[in-house]
Amino acid sequence: MAAARTPPGTTGVHGDKGYKGSSRGSGSGRFGGSVRAVGRALRLPVTKTVRGIRRATNAHGAGESGLGRLIELHAVNGAGDVMITVALASTVFFAVPTDEARGRVALYLAITMAPFTLLAPVIGPLLDRLPHGRRAAMAGAMLARALLALIIAGAVAGGSLELYPAALGVLVASKAYGVIRSAVVPRLLPPRFSLVKANSRVTLGGLLATGVAAPIGAGLQAVGAHWPLYGAFVIFIAGTFLSFALPPKVDSAKGEDRALLAADEQHLRGPHREPLKRPGLRTVGTAVTHALAANAALRCLSGFLIFFLAFLLREHPLTGESAAVSLGIVGVSAGAGNALGTAVGAWLRSRAPEVIIVTVVAIVLGAAVMAAIFFGAFLVACLAAVAGFGQALGKLSLDALIQRDVPEPVRTSAFARSETLLQMAWVLGGAIGIVLPLNGALGLSVGAAIVAAGWVPTVRGLLLSARRGGSTRPRVA
């Protein structure tokens, strides 16, 4: 009986063949199980992180509407841009003495910013005429920056002048993406989701990605000057594919029209007004134009502080700190202020946007005046934080006004054109910052004057609009 139960080809439980076979199977099973356990352990942090990010971006209906995918795409965009910024800053700014660096940055501004200032007004209207290809346009902006990152990497290695036109191309592609993104957000709003809340989520996603990618870019820079650019190439290639993952409704222009950034009576249309000679143009209303002017002052201050403080702190670091640490402190302060402003904007939603704009610009103006009078390390860091806070909260309030006062057919176009104007203001601020003498009190006085120039003329109009409760909204025939 025992022999009958023994399988053919074995010598029993204690036989040589049975023992060897058992040992071989047992060892293979233990080894395979160990490999799988190690794989699961290595994969778990990544998968848990990805799932957590996906849950956060897709919460409250953002996954169904497609807004979650835009948040992820904007995070990729921010990570790629900061990689290129790290590489360019190390090449143009940190690699040479201060005087030579100012000349290089001035050349960089002349070759890249000046042409961009001429191109920027064209970007918004051009994209207005191509509303059916927004996903392709966003993918094109990503792919262009991926290829230009490789060109810049070659220019950095060989010291070629190709660096400057390639940097101009990156700047134009980045700003084009920003304009398209502003036009896309209104089409991806989940039910019962305000535009302010949607924009705050998108912005916060980009800020978090930038904060994560910046130290990674610095680490790659330590390995080699071209490595952050290779990282940017990989990131932007991923963004190219993610652009086409956006919902098809992004490309739909059904019911849309083109906006005119004007607020005078002759551009208003309504049942009792004569039609415009140029059909399709609308006014955006006085509240929006005043809010746009105030936001342009904040964006101009942002560009000014970036360039002015970069050189000032390199020559005169904060007390007891190196130049790199001083710049890091100011950068972290600005980023923290921006994130706080975004969070507060999401919490306030659309409550009294005119009052919020007037208040935050006044706070930024006060901080700039105090920093200019009592110039010091603490006040400079405070100004950077307050400026970041004001820029984020002011922009979200402008978004709320556009959603409230601009008719839906031209709302997408209004976002695109307003973003273009704000980007031009940033370029102007950067140009002012690079030409000023490296005197802290003088420079911050100029910064305060920039804010005042945008705040004083708009206070009365914004407060009057708030008192009327937005009744100045233009009518559409």
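Computed from a predicted model, the values in this text were never measured in an experiment. (Residues numbered from 1 in each chain as written. Predicted model: local features only at pLDDT ≥ 70, side-chain atom pairs only at ≥ 80, totals over all residues. Heavy atoms only, no water.)

Draft legend 1. Local environment of the overall build of the protein. Within the protein, the regular secondary structure consists of 15 helices and 0 strands. Split into buried and exposed, the 477 residues of the protein put 48% on the buried side. Contacts in the protein between residues at least 24 apart in sequence constitute 83% of all its contacts with a sequence separation of at least 6. Of the roughly 22,300 Å² of accessible surface on the protein, 66% is carried by carbon and sulfur atoms. (Helix = DSSP H or I, 4+ residues; strand = E, 2+ residues; numbered from the N terminus. Buried < 20%, exposed > 50% of the residue type's maximum accessible area, 1.4 Å probe, protein only. Contact = heavy atoms within 4.5 Å. Areas by Shrake-Rupley, 256 points an atom, 1.4 Å probe, with all protein chains shown as cover.)

Draft legend 2. Up close: the pattern of salt bridges. Under the counting rule described, the total for this entry stands at 2 salt bridges. With a closest N to O distance of 3.0 Å, Asp-81 and Arg-145 form a salt bridge. Highlighted residues: Asp-81 in helix α4 (residues 67-94) and Arg-145 in helix α6 (residues 134-158), separated in sequence by 64 residues. As far as burial versus exposure is concerned, Asp-81 and Arg-145 are alike and both buried. Linking Asp-399 and Lys-395 is a salt bridge whose minimum nitrogen-to-oxygen distance equals 2.8 Å. You can see Asp-399 and its partner Lys-395 sitting in helix α13 (residues 377-405), 4 residues apart, about one turn around the helix. (Salt bridge = Lys/Arg side-chain N within 4 Å of Asp/Glu carboxyl O.)

Draft legend 3. Highlighting the side chain of Arg-145. Among the residues examined, Arg-145 registers a relative accessible area of 0% and is labelled buried. At a separation of 3.2 Å, a polar atom in the side chain of Arg-145 contacts the main-chain carbonyl oxygen of Ala-141. Residue contacts for Arg-145: discarding those within four places in its chain leaves Asn-77, Asp-81, Ile-84, Val-170, Ala-173, Ser-174, Tyr-177 and Phe-236. (Polar contact = N/O pair within 3.5 Å; in protein donor to acceptor, adjacent residues only side chain to side chain.)

Draft legend 4. Inspection of helix α7 (residues 163-184) at higher detail. In this model, α7 (22 residues) spans 31 Å end to end at C-alpha, consistent with the 32 Å of a helix rising 1.5 Å per residue. Buried residues dominate α7, accounting for 20 of its 22 residues. (Expected span 1.5 Å × (residues − 1).)

Draft legend 5. How the structure looks around the packing of helix α12 (residues 353-373) against α13. Two numbers describe how α12 lies on α13: the axes approach to 9 Å, and their chain directions differ by 160°. Taken together, α12 and α13 sit at an angle that is classed as roughly antiparallel. Crossing angle aside, the handedness with which α12 passes α13 is left-handed. Along the lines of polarity and charge, the residues of the contact of α12 with α13 split into 19 nonpolar, 3 polar and 2 charged. (Axes fitted to C-alpha atoms, helices over the stretch in contact; angles between N-to-C directions. Parallel < 35°, antiparallel > 145°, perpendicular 65-115°, else oblique. Left-handed = near helix turned anticlockwise from the far one by under 90°. Nonpolar A, V, L, I, M, F, W, Y, C, P; charged D, E, K, R; others polar.)

Draft legend 6. Structural view of the nonpolar core. The biggest cluster of nonpolar side chains holds 92 residues, and the ones touching the most others in it are Leu-67, Leu-70, Ile-84, Met-138, Ile-152, Leu-305 and Leu-309. For this core, the element with the highest residue contribution is helix α10 (residues 286-315), accounting for 15 residues. The residues touching Met-138, leaving out its near neighbours within four places in the chain, are Leu-70, Leu-73, Tyr-177, Ile-180, Arg-181, Val-184, Ser-243 and Leu-246. (Core = buried A, V, L, I, M, F, W, Y, C linked by side-chain atoms within 4.5 Å.)

Draft legend 7. Up close: the packing of α10 against helix α11 (residues 323-348). Viewed as axis vectors pointing N to C, α10 and α11 meet at an angle of 145°, and their least axial separation amounts to 8 Å. With respect to the hand of their crossing, α10 and α11 are arranged in right-handed fashion. Residues Leu-309, Ala-310, Leu-313 and Arg-314 of α10 lie in contact with α11, whose contacting residues are Ala-323, Ser-326, Leu-327 and Val-330. Within the contact of α10 with α11, the residues separate by chemical class into 6 nonpolar, 1 polar and 1 charged.

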